[in-house]
Amino acid sequence: MKTNLIAVVTACILAGCNPGATTENHSEPAAPAPHGPQPLAAIDPATLPVVEATLGIAPLAAPPTNRHAPAKVVVRIEVKEETREIADGVRYTFWTFGGSVPGPMIRVRRGDYVELHLQNHPNNTMPHNIDLHAVTGPGGGATSTFTAPGHQTQFSFRALNEGTYIYHCATAPVGMHVANGMYGLIVVEPEEGLPPVDKEYYVVQGDFYTPGEYRAHGDQAFDMNRAIREDPSYVVFNGRDGALVGNNALTANVGQKVRLFVGNGGPNLVSSFHVIGEIFDHVYSEGASEATTNVQTTLIPAGGSAIVDFQVEIPGTYILVDHSIFRAFNKGALGMIRVTGADDRIVYSGREVDEAYLGAAGPAATAAAEGATGDSPEARARRGEATFLGVCATCHQRDARGLPNLFPPLASSDYLNADKTRAIRTVLAGLSGPITVNGTQFNGAMPAFSNLTDHEIADALTHVRSHFGNHGDAVTDAEVAAVRADIARAAAPAAGHP
Ligand code: HEC
Ligand SMILES: [Cu+2]
């Protein structure tokens, strides 16, 4: 076909015609370039090797199949209805695939024969099923897996198309099952596998609807009217406010390539997925085969996905957000990747415009923290500068003098120095209402920073209390932990009601 096309083009150059316009001058038109799925060889499931699927429990991705031939892959998923925290001190009854939100990540190879078992735990109250967007067939499996509590069902399908697909429960009322957390990803690798990377993670965004506002304490139920109005109280990654922050942050080392399989369970919102401080080297939009390169923010539809990858060059904390940014800072759609390793001042000099985004271990602070190990007050104070500059200085200013009428000073603050426990509580629980600092009244609102670890808070307060004209003693991790426990206890009254 190639020779033919060249012949046509040559003839056209001579004749002055448009080679694309018509094919009537020659008998054999050029075939279009191969596009879309290539045919799969036939299989006999009875003769395929049988593989029990290794599932990925978020934020860990399921491992690559590392196979070069089709297999019969057995996937078992148990549906569990479970009450657990959606945020600190807030309990919600999730309906889950496999006991987690998102459900387990399934990973198979294009051409595989997948035997899926759905088990509905006898303690559950609802029938459930599964619709996998990777399935070609009515309901994506939903019609074959309608399962009452205390029953199990099974169906099989061939993974005809590679890609990254959402699966979800599709039992009526569908929106309610999805809103309660019944979704996850199934990745169908291309036959040759995905390009190798150093780290793979599994992140799924979801919106949740409760009568109480974001972080309102106590037991919270599903609120159907808010769901219909598309007015979520929570927009979170991996089923919980703070699932990927502090000690639960994703990790990587400088120089590594990181791949995120990102899903959006919805049920309602579209995600503007972004990692603050990174550029996606590749985005496989909507889980498709073709990558786009050098992308800042990628849209992930409800019931859709994307694969993003990027190399991390600079140590620090990178923030995963839905860039519909109030969701990130006021509804929970915020996660972190902590990158450790050597600095590169050419790629990144250490100056930053918005310190709040950098989080606790921003580059400016990493240098300060270098060599600051151990538990001496001096070491704590040196490490604490990281959190102070990355978090507190945004409002209280780098010199800790605050801003008139807006942010009280931490420098020589009588309020800060008078009561250590109160200072810890201020950071953990936030502070609002009128206060007097050094004779001046302030009436603002400081948000809670309970996403910081005990360690980070202890170090930051030690730094503040031993600098800027303050002469307080060090704050220990245990002191912060004790206040955090107090707050949690107060928030969870014996009756279990707000
Ligand atoms: C988003 C802005 C903001 C950030 C960031 C912030 N604060 Fe505050 N902070 C405030 C405001 C506003 C008040 C006063 C609240 C009021 O008027 O009731 C305050 C009050 C305080 C107080 C008590 C008053 C005083 O001056 O002694 C302390 C202590 C404090 N903050 C410490 C911190 C520490 C430590 C951090 C970093 C972990 C931090 N803050 C981060 C806004 C902020
Ligand atoms: Cu369901």
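In what follows, the accompanying structure is described. Model, not experiment: these values are computed from the prediction.

Moving on, we get to the pairing of strand β21 (residues 334–340). Of all 7 residues that make up β21, 6 are buried, and the element is covered over most of its length. In this structure, strand β13 (residues 250–253) lies alongside β21, joined through 4 bridges in parallel fashion. Each residue of the ladder has a partner; that of Thr251, found in β21, is Arg338. Sheet topology places strand β20 (residues 316–322) next to β21; 6 bridges connect them, and they run antiparallel. The residue of β21 that forms the bridge with Leu320 is Gly335.

A word on unusual backbone geometry. Glycine aside, a negative phi is what most residues show, and trans is what most peptide bonds show. Omega for the bond connecting Val101 with Pro102 falls within 30 degrees of zero, at 0 degrees, which places this linkage in the cis form. Checked against the element boundaries, Pro102 lands in the loop between β3 (90–97) and β4 (106–109). Of the consecutive residues Gly266 and Pro267, the connecting peptide bond is found in the cis state with omega at 15 degrees. Following the sequence through the fold, Pro267 ends up in the loop between β14 (257–266) and β15 (271–276). Residue Asn438 is not a glycine yet carries a positive backbone phi of 50 degrees. If you trace the backbone, Asn438 turns up in the loop between β23 (435–437) and β24 (440–442). On the basis of neighbour count, Asn438 is assigned to the partly exposed category, with 13 C-beta atoms found within 10 Å. If you check the backbone angles, Phe468 has positive phi at about 55 degrees while not being a glycine.

Before going further, it helps to spend a moment on helix α10 (residues 454–465). Because the α-helix completes a turn every 3.6 residues, residues three or four places apart line up on one side. Counted at 1.5 Å a residue, the expected span for α10 with its 12 residues is 16 Å, and the 16 Å between its end C-alpha atoms agrees. The element α10 is extensively covered by neighbouring structure, given that 11 of its 12 residues are classed as buried. Those residues of α10 that fall on the buried side of the exposure criterion are Asp454, Glu456, Ile457, Ala458, Asp459, Ala460, Leu461, Thr462, His463, Val464 and Arg465. Buried residues in α10 make contact with α7 (377–396), α9 (420–429) and α11 (477–491).

Thresholds, definitions, all that
- Residues numbered from 1 in each chain as written.
- Chains lettered and ligands numbered in written order.
- Predicted model: local features only at pLDDT ≥ 70, side-chain atom pairs only at ≥ 80, totals over all residues.
- Buried ≥ 20, exposed ≤ 12 C-beta atoms within 10 Å, placed from the backbone.
- Helix = DSSP H or I, 4+ residues; strand = E, 2+ residues; numbered from the N terminus.
- Pairing = 2+ DSSP bridges.
- Expected span 1.5 Å × (residues − 1).
- Contact = placed C-beta atoms within 7 Å.

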